Amino acid sequence: MEVLKIIGGKKLSGTIEIGGAKNSAVALVPAAILSDRVAIKNVPNISDIESLEIILNYLGASFTKNGDELTIESLTMENKPITLEYSKMLRASSYFMGALLGKYKHAEMYFPGGCSIGERPIDLHLSGFEALGATVTNDGDKYIIDADKLIGADIKLKFASVGATINILLASVLAEGKTTIKNAAREPEVGNVIDLLNDMGAKISGKDSDLLVVEGVESLSGGSVKVIPDRIEAGTYIIAGVMNGDNLKINNVIPSHFSSLTDKLLEMGADIKIFDDYVVTNKVDNLKPIKIVTEVYPGFPTDLQQPITSLLTLADGTSIVKELIYENRFQNVPYLIQMGADIEVNGRELKINGPAKLLGCEVITTDLRAGAALILAALSAEGETTIKEIKHVLRGYENIINKLTKVGGEISLEDV
Ligand code: UD1
């Protein structure tokens, strides 16, 4: 079994380069099958991408890698049911529903996998497909989504879901006529997918707004796109810098994508300097407590809720964290308490009484961002922390061990 060992208390100094956004890349790969040939640049080196490559392979599409550029060719592809095993590999397997439906007017797959952080239904994805004229039936646990033809429709999402917005875009770009998506998700990753689809010849307007309009086209051609910098990876390392940084530079970022985080860090009194495409952080003492409420973009991202909780254990006073997106995203908390944090859980709210003195111990990662949160806590704890189930973190953080080692973190993967 592989575990991560971290000796805490080391200053982090130097530069961390941020990779392409996981949540963009995992949508861009399925989007690529809508045309014959697509090149995606700045693809992060994470295991979620490897899972998508396995699914592409299974469908008969070919892909070639050249550094961080992935080229996907779909000429030889066949529309096969995505098996239970492949569906469960990751949440973003669900994007094959929209992409296969758009391309072949037929898709078969199971409920997607992904982190266990709440129920995560796909009702909005399915009702979007139905609005476009598809029928959704179940064969046991398998969804069969079928349409004679897809016809543009007016769709209003009851929640601005990232996944549903992207899936409806994938299904509607080749539909007949006009589709509107009201209350669409405005996350930058949605915009990145729109950039690729438009480069392939789709006609989508309204990028970055909550009203997207898709004028259906008959076919799509080849295209290319560059994955935007990962705002969640950047945010995680910025928090690491606030906890342990000594002129830690987080490079290749788009600061406007994470201003909800940096605004909160500045409110705490953190030492962060924001430049055009990088941020420099230093550890300071006596950070003020704050209140965080997770919201859809541009609000505070749920994906940074667990990482910032580790920092809040060190603030001087009581911080409040409200998680409004997922019902089960506090699985890091028992382990932070084990490390010495004083946290009360009340439904979807945390009361964090700081400052705590964190001590290394043995902890378990339950999901991707819980793992990142425990790594942050371990980096500033006294002594050694052993983190089990580290596979969750490797799904979404590119070369995290090398990136942290390079800036002075004492962190290694060990076989025990
Ligand atoms: C994406 C991100 C994830 C992030 C989340 C919110 C990917 C691969 N993952 O997940 O990291 O935490 O956005 O920023 O991009 N919902 C429904 N019905 C649906 C769809 C969603 O009720 O059909 C609910 C979910 O249960 C959740 C909320 O909407 O409470 C947000 O989900 P959504 O935005 O769809 O998240 P994902 O696309 O799964």
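Please read these numbers as outputs of a predicted model, since none were measured by experiment. (Residues numbered from 1 in each chain as written. Predicted model: local features only at pLDDT ≥ 70, side-chain atom pairs only at ≥ 80, totals over all residues. Heavy atoms only, no water.)

Caption draft 1: How the structure looks around the nonpolar core. By size, the foremost hydrophobic cluster in this structure holds 76 residues, and its most contacted members are Ile40, Phe96, Ile145, Leu169, Val173 and Leu197. No other element matches helix α1 (residues 22–32), which puts seven residues into this core. Look past the residues within four positions of Leu169 in its chain and what remains in contact with it is Ile181, Val190, Ile194, Leu197, Ile204, Leu212 and Val214. Leu248, Ala356, Cys361 and Leu376 belong to the second-largest nonpolar core, a separate cluster that totals 67 residues. (Core = buried A, V, L, I, M, F, W, Y, C linked by side-chain atoms within 4.5 Å. Buried < 20%, exposed > 50% of the residue type's maximum accessible area, 1.4 Å probe, protein only. Helix = DSSP H or I, 4+ residues; strand = E, 2+ residues; numbered from the N terminus. Contact = heavy atoms within 4.5 Å.)

Caption draft 2: Spatial organisation of the pairing of strand β22 (residues 384–388). Sheet topology note: the strand β1 (residues 2–7)/β22 ladder contains four bridges and is antiparallel. The residue of β22 that forms the bridge with Leu4 is Ile387. Across three bridges, the pairing between strand β21 (residues 362–364) and β22 is parallel. Across the sheet, the residue bridging to Ile364 is Lys388, located in β22. (Pairing = 2+ DSSP bridges.)

Caption draft 3: Main features of the site of the ligand. As a structural note, the neighbourhood of the ligand is formed by 18 residues, with Asp123, Leu124, Ser161, Asp303 and Ile325 the closest of them. A distance of 2.9 Å separates an oxygen atom of the ligand from a polar side-chain atom of Arg91. In isolation the ligand exposes 730 Å². Once the protein is present, 89% of that is buried. Every element with two or more residues in the shell around the ligand is listed here: α1, α5 (123–131) and α6 (162–172). In terms of residue count, α5 provides more of the shell around the ligand than any other element does, three residues in total. Looking at the shell around the ligand residue by residue, the class counts come to eight nonpolar, five polar and five charged. (Near = heavy atom within 4 Å. Polar contact = N/O pair within 3.5 Å; in protein donor to acceptor, adjacent residues only side chain to side chain. Areas by Shrake-Rupley, 256 points an atom, 1.4 Å probe, with all protein chains shown as cover. Nonpolar A, V, L, I, M, F, W, Y, C, P; charged D, E, K, R; others polar.)

Caption draft 4: The arrangement of the pattern of salt bridges in detail. Going through the model one piece at a time under the given rule, you end up with 21 salt bridges. Close ionic contact of Glu349 with Lys322 constitutes a salt bridge, the shortest N to O distance being 4.0 Å. Highlighted residues: Glu349 in strand β20 (residues 349–353) and Lys322 in strand β18 (residues 318–322), separated in sequence by 27 residues. Its relative accessible area of 28% is what places Glu349 among the partly exposed residues. The salt bridge involving Arg348 is made with Glu327; its shortest N-O contact spans 3.6 Å. Placement of the pair is Arg348 in the loop between β19 (342–346) and β20 and Glu327 in the loop between β18 and α11 (333–338), with a sequence separation of 21 residues. Via salt bridges that share partners, Lys22, Asp48 and Arg395 belong to a single interconnected network. (Salt bridge = Lys/Arg side-chain N within 4 Å of Asp/Glu carboxyl O.)

Caption draft 5: Spatial organisation of unusual backbone geometry. Note that the residue after Tyr297, namely Pro298, is joined by a cis bond; omega there is 10 degrees. Along the polypeptide, Pro298 turns up in the loop between β17 (291–293) and α10 (305–312). Residue Pro355 is bonded to the preceding Gly354 through a cis peptide linkage, with omega at -5 degrees. Positive phi, normally seen in glycine, also occurs at Asn286, with a value near 55 degrees.

Caption draft 6: Here's a closer look at the pairing of β1. Of the strand pairs in this sheet, β1 and strand β23 (residues 410–415) are connected by six bridges, and their pairing is antiparallel. In the strand pairing of β23, Lys5 is matched with Ser412.

Caption draft 7: Structural detail: helix α2 (residues 47–59). Taking 1.5 Å of rise per residue, the 13 residues of α2 would be expected to cover 18 Å, and the 19 Å separating its terminal C-alpha atoms lies within 8% of that figure. Elements in contact with the buried residues of α2: α1, β4 (62–66), β5 (69–73), α3 (84–87) and α4 (95–104). Remark: Gly60 follows α2 within two positions and exhibits a positive phi of approximately 90 degrees. (Expected span 1.5 Å × (residues − 1).)

Caption draft 8: Spatial organisation of the sheet that holds strand β6 (residues 106–109). Taken in spatial order, the three strands make up an open sheet running β6-β8-β7, and their pairing is antiparallel. Each having just a single partner strand, β6 and β7 (135–139) make up the two edges of the open sheet. Sheet twist, expressed as the average angle between the axes of neighbouring strands with direction ignored, equals 15 degrees. In this sheet, strand β8 (residues 142–146) lies alongside β6 in antiparallel orientation, the contact comprising four bridges. (Axes fitted to C-alpha atoms, helices over the stretch in contact; angles between N-to-C directions.)

Caption draft 9: Fine view of the environment of Tyr110. Within the element layout of this structure, Tyr110 appears in the loop between β6 and α5. The spatial distance from the C-alpha of Tyr110 to the C-alpha of Ile375 is 32 Å, given a sequence separation of 265 residues. Residues in contact with Tyr110, not counting those within four places in the same chain, are Ile82, Thr83, Leu84, Ser87, Met97, Asp141, Lys142 and Tyr143.

Caption draft 10: Structural view of the domain arrangement of the protein. Segmenting the protein into domains produces domain 1 (2–19 + 229–415) and domain 2 (22–226). Taking only C-alpha atoms, the centre of domain 1 and the centre of domain 2 are 30 Å apart. Here domain 1 and domain 2 share an interface that buries about 2000 Å² over both sides, 50% of which is from carbon and sulfur atoms. Joining domain 1 to domain 2, the criterion identifies two salt bridges. Counting across the domain 1 and domain 2 interface gives eleven residue pairs in polar contact (both at pLDDT 80 or more). Of the residues belonging to the side of domain 1 that touches domain 2, the class tally is eight nonpolar, six polar and nine charged. (Domains from an automatic or database assignment. Buried area = accessible area lost by both parts, 1.4 Å probe.)

Caption draft 11: The arrangement of the sheet that holds strand β13 (residues 223–226) in detail. Taking strand neighbours across the sheet as the criterion, the four strands line up as β4-β5-β3-β13 in an open arrangement whose pairing is mixed. Both edges of this open sheet fall to β4 and β13, since each of them pairs with a single strand only. Each strand axis lies, on average, 15 degrees off the axis of its neighbour in the sheet, ignoring direction. Of the strand pairs in this sheet, strand β3 (residues 37–41) and β13 are connected by four bridges, and their pairing is parallel. Bridge pairing in β13 places Ala39 opposite Ser224.

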